[in-house]
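Chain by chain, the residues:
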Amino acid sequence: KLWKTDTTTKNKRLPFKYAPIILNHKNEWIAPYIDENTYNVYLNIGTTEGEYNFVSDKIMSDKRGERFIKELGIKEPDKLSYIKTSILPQYQSEDIQIDDEDCLKHFSIIFDYYKSLSGNDQQSFVELLRTSYKLVNNNKILKHPKDLYIYSEELSNYFGDIAWEYVDNKIYRYALNEYGL
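This structure is a prediction, so every number in the text was calculated from the model and none was measured.

K.L.:
I'd like a rundown of the nonpolar core, residues and numbers included.
P.N.:
One recurring pattern in soluble globular proteins: nonpolar side chains tend to sit buried together. Ranked by size, the top nonpolar core spans 29 residues in total, and within it I83, Y91, I110, Y133 and Y172 carry the most contacts. Those elements that place two or more of their residues in this core are α4 (79–87), α5 (100–116), α6 (119–132), β5 (135–136) and α8 (169–178). In contact with I110, not counting residues within four places along its chain, are I83, I87, L88, F125, L129 and Y133. By size, the runner-up hydrophobic cluster in this structure holds 12 residues, among which are I30, L43, I69 and I74.

Structure below.
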């Protein structure tokens, strides 16, 4: 580590922790910390949108840069906080403009977080998503998951000529296969 947390004033306030020494994903130089316990920049979690500052890929692609960032103690943001503050607000308006790639990134982050939970925590998270999150349907329209089916030949035969909506398998194909859906 570049420093150790202890009670001496010498290590409490090392100047470079609060100096603009990290290049973020917006190509801006920022300080790694806001205060002793609050990060100002995070490791990338697959997407760089929202309120968070993420370490530039330029730094992380260099072995020395990556080592420096890790020795600073920079970590990924809390995923639930990131989902609530950066992903879900994008799905709240009626006129949503999110491309397929971002929809897939969001889905991956949300599903990975869901898999890390268990029991009541999973149920609470699902309840949050029921009203706050939307998936792309077969007509390229974002819809709440409760209003969609997962496509299958059996369902197609069942509905016949009746119009029905299902999750766009082309966008979510890798996730559907990876998770056995």
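K.L.:
Tell me about α6, and please be specific about residues and values.
P.N.:
Given a rise of 1.5 Å per residue, 14 residues ought to cover 20 Å, and the 20 Å separating the end C-alpha atoms of α6 matches this to within 8%. The elements touched by buried residues of α6 are α4 and α5.

K.L.:
Summarise the packing of aromatic side chains; cite the residues concerned and give the values.
P.N.:
Evaluation of the coordinates by the stated rule reveals 18 aromatic pairs. Within the aromatic cluster, the residues linked to one another by ring pairs are Y33, Y39, Y42, Y52, F54 and Y82. Lying over the aromatic face of Y33, K17 brings its terminal NZ or CZ to 5.3 Å of the ring centre.

K.L.:
Kindly report on the environment of D100, identifying the contributing residues and their values.
P.N.:
Examined against the element boundaries, D100 turns out to sit in helix α5. Residues D100 and I171, 71 residues apart in the sequence, show an inter-C-alpha distance of 6.4 Å. If sequence neighbours within four positions are ignored, D100 has contacts with K140 and I171.

Rules behind the numbers
- Residues numbered from 1 in each chain as written.
- Predicted model: local features only at pLDDT ≥ 70, side-chain atom pairs only at ≥ 80, totals over all residues.
- Heavy atoms only, no water.
- Core = buried A, V, L, I, M, F, W, Y, C linked by side-chain atoms within 4.5 Å.
- Buried < 20%, exposed > 50% of the residue type's maximum accessible area, 1.4 Å probe, protein only.
- Helix = DSSP H or I, 4+ residues; strand = E, 2+ residues; numbered from the N terminus.
- Contact = heavy atoms within 4.5 Å.
- Expected span 1.5 Å × (residues − 1).
- Phe/Tyr/Trp six-rings, centres within 6.5 Å; stacked < 30°, edge-to-face > 60°.
- Lys NZ or Arg CZ within 6 Å of the ring centre and 35° of its normal.

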